[in-house]
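Understanding the architecture of this molecule
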Amino acid sequence: SQYSAVDTNPLSVYIMQPIWNKIIKIVPLWIAPNLLTFSGFVMILFNYFLISFYDWDYTASGTGPGLVPTWVWLFSAFTTFCAYALDSIDGKHARRTQSSTPLGELFDHGLDSWATSIFVLSFFSVCSRDNGKTGVSVYTMYIYLSIVLFNFMCSHWEKYNTGVLFLPWGYDISQVVLIAAYLLTGTVGVEVWQKPLLFGYYITDVLVILLIGFSLFLSFPQTLYNIHRAHLKKTLKNDSLYEGLLPLVSPLLLFILLTVWVVLSPSNILAKQPRLFLWMVGVAFSNVICKVIICQMSSTQPELFHWFLFPLALVVYAAVSGLLGRMEEAVLGVFTTLVTAAHVHYGVCVGRQLSEHLNIYIFSLKKRVQE
């Protein structure tokens, strides 16, 4: 299917696009677009692990200003900008080198589905977790992450039904806010997040309110409206309501299972291991959504239950029923490792299959020799 995306965000159209159009001119023509996509993702990952090294349990900013060196925040602003730029120019570069392929589209959106959670998890280090005075509770973090992932899911569910990806306004805004937040933290210090901004509200409160407002009153209604419009124009990809709603089943079940674990965990697993747990949420979500993206691209029907829901249900049952006892944290660690390995393996396999099928290399513009 021909890739089509619509971007109506004024910030993107009038400010960012002209910047990307300048940057793209310096990219050598021999560089493969997927290499740009992947480099951006690697930068986000590297930045995430760097912040994790200084702030494993999200307390550094709240307990002692200066525990995370200033250069880390400035480096975060730099890597976030680079990743944002690379993610914005990869498609332009593909058209410029006439190398747009379904593999590139999948590569881009697949990595985005994972990067989305990593951006959020890195940002939590800036505002730190609740220490009684300032910060955000781990439950707020979980809800915040879920809303961001819900937004991401909506735009791809919409594309599954309409065939058009309406780029969410929240994306550009969130990237600019992230870069600004890191720059602010680097220049002023983490204290800026611990003083009330207006009327006793902290910056973090304002951002959470903005995020929820954007999601519930802008993104989601826009998604429903676009699907409704396609329905009126008779351009919907799926005839039945069942088929149209099918991609939502696994992500919703995933969210329900994870929430059950968070709420009923005997050892309060989210408070004990917020970084591990939230990372696992992001990876699991990415894997579920990648299946939807592939189904949407290949015009196939997703299965009702994603395979991952079965092992997760077992682990959640064992944890919540008390079967795991003191092993809960250890089991989360092993489970997170396995899920991450399975997701990477899945990505590598799909990439290799597609590159063989389309007879192209993933990271090179050279053509494969026909065997």
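The structure displayed is predicted, hence computed values, not measured ones.

1. Overview of the overall build of the protein
Looking only at helices and strands, the protein has 13 helices and 2 strands in total. In terms of overall dimensions, the protein is globule-like: its C-alpha atoms have a radius of gyration of 21 Å, near the 21 Å expected for 371 residues. Based on the C-alpha atoms only, the size of the protein along its principal axes is roughly 60 × 50 × 45 Å. For the protein, with 371 residues in total, the buried portion stands at 51%. For the protein, the share of sequence-separated contacts (at least 6 apart) that also reach a separation of at least 24 residues comes to 81%. Carbon and sulfur atoms make up 70% of the accessible area of the protein, which totals about 18,100 Å². Side chains of the protein carry 21 positive and 20 negative charges; the gap between the two charge centres is 6 Å.

2. A word on the pattern of salt bridges
Enumeration over the complete set of coordinates arrives at 2 salt bridges. We note a salt bridge from lysine 159 to glutamate 105, for which the minimum N-O separation is 2.7 Å. Pair noted here: lysine 159 is in helix α6 (residues 138-162) and glutamate 105 is in helix α5 (residues 102-127), with a separation of 54 residues, a long-range link. For the residue pair lysine 159 and glutamate 105, the accessibility class agrees, reading buried in each case. Across the pair lysine 272 and glutamate 329 runs a salt bridge whose closest N-O atoms are separated by 3.8 Å. In this pair, lysine 272 is assigned in helix α10 (residues 269-272) and glutamate 329 in helix α13 (residues 328-357), connecting sequence segments 57 residues apart. Classification of glutamate 329 as partly exposed rests on a relative accessible area of 28%.

3. Some details on the UniProt feature "transmembrane region" (unreviewed entry) in the protein
In the numbering adopted here, UniProt assigns the feature "transmembrane region" (unreviewed entry) to residues 26-50, 70-86, 136-154, 166-185, 197-220, 241-264, 276-294 and 306-324. Between the C-alpha atoms that bound residues 70-86 there is a distance of 25 Å. The span itself is 100% helix and 0% strand. Helix makes up 85% of residues 166-185 and strand 5%, whereas the separation of the span's terminal C-alpha atoms amounts to 32 Å.

Each value, and the rule that gives it
- Sequence positions are assigned chain by chain, starting from 1 and proceeding in written order.
- Where local features are concerned, this predicted model is filtered to residues with pLDDT of at least 70; where side-chain atom pairs are given and counted, the filter is 80 or more; whole-chain, interface and lining totals use all residues.
- With hydrogens and water excluded, all non-hydrogen atoms of the structure serve as input to the side-chain values.
- A run of H or I in DSSP counts as a helix once it spans at least four residues, and a run of E counts as a strand once it spans at least two, with each numbered from the N terminus.
- This radius of gyration counts C-alpha atoms alone. The globule rule is 2.2 Å times how many residues there are, raised to the power 0.38.
- Three exposure classes are used, based on accessible area relative to the maximum for each residue type with a 1.4 Å probe and protein chains only: buried under 20%, partly exposed in between, and exposed over 50%.
- In this analysis, two residues are considered to be in contact whenever any of their non-hydrogen atoms come within 4.5 Å of each other.
- Note on areas: Shrake-Rupley with a 1.4 Å probe; residue coverage comes only from the protein chains shown.
- Only four residue types enter the charge count: Lys and Arg as positive, Asp and Glu as negative, with His and the chain ends excluded.
- For charged residues, the charge sits on one atom: NZ in Lys, CZ in Arg, CG in Asp, CD in Glu.
- Every case where a carboxyl oxygen of Asp or Glu lies within 4 Å of a side-chain nitrogen of Lys or Arg is listed as a salt bridge.
- UniProt positions are given in the numbering used here, feature names are shortened, and annotations may be inferred rather than shown by experiment.

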